[in-house]
Amino acid sequence: MDIYHAPDTRVIHPSILYFGTPVVLITTRNPDGSTNITPMSSAWALADRVVIGLSGGGQGLANLERERECVLNLASEDMCEGVERIAPTTGHHPVPAWKQTIGYRHEADKFRLGGWHAAPSVSVSAPRIAECPLQLEARVLLTVERPIEPWHGDAGGYAIIELEVVQVHAHDEIVVSGTQHIDPVRYQPLFYLFRHYVGRGNALGKTFKAEV
Ligand SMILES: Cc1cc2nc3c(=O)[nH]c(=O)nc-3n(C[C@H](O)[C@H](O)[C@H](O)COP(=O)(O)O)c2cc1C
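Report follows, based on the coordinates. If you're wondering where the values come from, they're calculated on a predicted model, not measured in any experiment.

About the cut-offs
Residues numbered from 1 in each chain as written. Predicted model: local features only at pLDDT ≥ 70, side-chain atom pairs only at ≥ 80, totals over all residues. Heavy atoms only, no water. Helix = DSSP H or I, 4+ residues; strand = E, 2+ residues; numbered from the N terminus. Rg over C-alpha atoms; globule rule 2.2 N^0.38 Å. Buried < 20%, exposed > 50% of the residue type's maximum accessible area, 1.4 Å probe, protein only. Contact = heavy atoms within 4.5 Å. Areas by Shrake-Rupley, 256 points an atom, 1.4 Å probe, with all protein chains shown as cover. Phe/Tyr/Trp six-rings, centres within 6.5 Å; stacked < 30°, edge-to-face > 60°. Lys NZ or Arg CZ within 6 Å of the ring centre and 35° of its normal. Polar contact = N/O pair within 3.5 Å; in protein donor to acceptor, adjacent residues only side chain to side chain. Near = heavy atom within 4 Å. Pairing = 2+ DSSP bridges. Axes fitted to C-alpha atoms, helices over the stretch in contact; angles between N-to-C directions.

1. Topic: the overall build of the chain
Then step 1. Helix and strand content of the chain: four helices and 14 strands.
Then step 2. Relative to the compact-globule value of 17 Å for 212 residues, the chain shows a C-alpha radius of gyration of 19 Å, a close match.
Then step 3. With respect to the three principal axes, the spread of C-alpha positions in the chain is 65 × 50 × 30 Å.
Then step 4. Taking all 212 residues of the chain together, the buried fraction comes to 37%.
Then step 5. In the chain, the share of contacts with a sequence separation of at least 24, taken over all contacts with a separation of at least 6, comes to 61%.
Then step 6. A total accessible area of about 12800 Å² is found for the chain, and carbon and sulfur atoms account for 56% of it.

Below, the structure written as structure tokens:
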């Protein structure tokens, strides 16, 4: 009979629990008609819904609550440097005090700073980011506000937002020819894992439900 030796474990108290999710660049329309880009990674999908978490005080959150639509642009591995260039910025003016203390600055043109180009959307007013291999146009279905108590984050609480995806755009090169499917080998999303950027590594297999 095999004896299984479980790995030793220890109890730890990490400051964050970002266990690895894709980097999403959310484009939203500002009150003056310009576009904001919010880099974020607290996002998950179920069928045509995507649920995101945004901390309080950000421009992207304010825009989403007002306009109730956005584009979720999935960053690729080769966009890592541009993502980090816009990381210490906010479209919000003035910069919230807690962000100022850790070095955030205001940036009105994150397309320029990231080195990216805008492409018009079909169903929402915010443009897509042309360089992103997957671009999901979405509308807000539900917003749940979570005030600062009992959350112990440093920002002004956070919001959980449920989005309905209404248009999906994919770069030709990541679509399996003649199908509606994303090629899991050619699609190379950028992941955010315990505040580090990582790529996806080798494909390891597929689930029994995979259609290609
Ligand atoms: C890779 C990455 C992932 C992030 N994930 C989130 C997130 O999931 N939720 C969030 O509220 N902020 C997240 N942030 C921080 C926001 O980008 C930051 O608050 C930014 O100032 C928001 O910009 P805005 O105020 O222009 O919307 C992330 C930042 C980076 C660089």
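2. Digging into the packing of aromatic side chains
Then step 1. Applying the stated criterion across every chain yields a total of two aromatic pairs.
Then step 2. By way of ring pairs, the aromatic residues Tyr 18, Tyr 192 and Tyr 197 are connected into one cluster.
Then step 3. A cation sits over an aromatic face here: Lys 99 above Tyr 104, 5.0 Å from the ring centre.

3. Here we look at helix H1 (residues 59–67)
Then step 1. Of the positions making up H1, those classed as buried are Gln 59, Gly 60, Leu 61, Asn 63 and Leu 64.
Then step 2. Downstream of H1 by a residue or two, Arg 68 has a phi angle that is positive, lying close to 60°.

4. With respect to the side chain of Glu 107
Then step 1. Counting through the fold element by element, Glu 107 comes out in the loop between strand S8 (105–106) and helix H4 (110–114).
Then step 2. A distance of 2.9 Å separates the side chain of Glu 107 from the backbone nitrogen of Asp 109, its partner in a polar contact.
Then step 3. In this structure Glu 107 touches Thr 89, Thr 90, Gly 91, Arg 112 and Leu 113, once residues within four positions along its chain are discounted.

5. Some points on the site of the ligand
Then step 1. Neighbouring the ligand are 21 residues; Thr 38, Pro 39, Ser 55, Thr 90 and Lys 110 lie closest to it.
Then step 2. In the model, an oxygen atom of the ligand is placed 2.6 Å from a nitrogen or oxygen of the Pro 39 main chain.
Then step 3. Here a nitrogen atom of the ligand and a backbone polar atom of Ser 41 are 3.0 Å apart.
Then step 4. Within the residue set of the shell around the ligand, elements represented by two or more residues are strand S3 (35–40), strand S5 (49–55), H1 and strand S7 (89–90).

6. Some remarks on the sheet that holds strand S13 (residues 191–193)
Then step 1. A sheet is described by the order of its strands in space; here three strands give the open sequence S1-S13-S14, paired in antiparallel fashion. Because the sheet does not close on itself, it has two edges, and the strands there are strand S1 (21–22) and strand S14 (196–198).
Then step 2. Taken together, the two bridges between S1 and S13 define a ladder with antiparallel strand orientation. Opposite Pro 22, over in S13, you have Phe 191 as the bridge partner.

7. Thoughts on the pairing of strand S2 (residues 24–29)
Then step 1. When you tally the buried positions in S2, you get five out of six residues, the bulk of the element.
Then step 2. Pairing between S2 and S3: six bridges, direction antiparallel. Bridged to Thr 28 within S3 is Asn 36.
Then step 3. In this structure, S2 lies alongside strand S6 (residues 69–74), joined through four bridges in antiparallel fashion. Residue pairing across strands places Val 24 opposite Leu 74, the latter belonging to S6.

8. Some thoughts on the pairing of strand S11 (residues 134–146)
Then step 1. Pairing of S6 with S11 involves six bridges; the strand directions are antiparallel. When the bridges of S11 are listed, Leu 74 appears paired with Leu 134.

9. Topic: the sheet that holds strand S12 (residues 158–170)
Strand-to-strand pairing in sheets goes through backbone hydrogen bonds, with the strands running parallel or antiparallel.
Then step 1. The seven strands lie next to each other as S3-S2-S6-S11-S12-S5-S4, forming an open sheet whose pairing is antiparallel. Either end of the sheet is taken by a strand with one partner, and the two such strands are S3 and strand S4 (43–46). Going from strand to strand, the sheet's axes swing by 30° on average, the running direction of each strand aside.
Then step 2. Of the strand pairs in this sheet, S11 and S12 are connected by twelve bridges, and their pairing is antiparallel. Residue pairing across strands places Glu 137 opposite Gln 167, the latter belonging to S12.
Then step 3. Contacting S2, S3, S5, S6, S11 and S12, H1 crosses the sheet at an angle of about 55° to S2.

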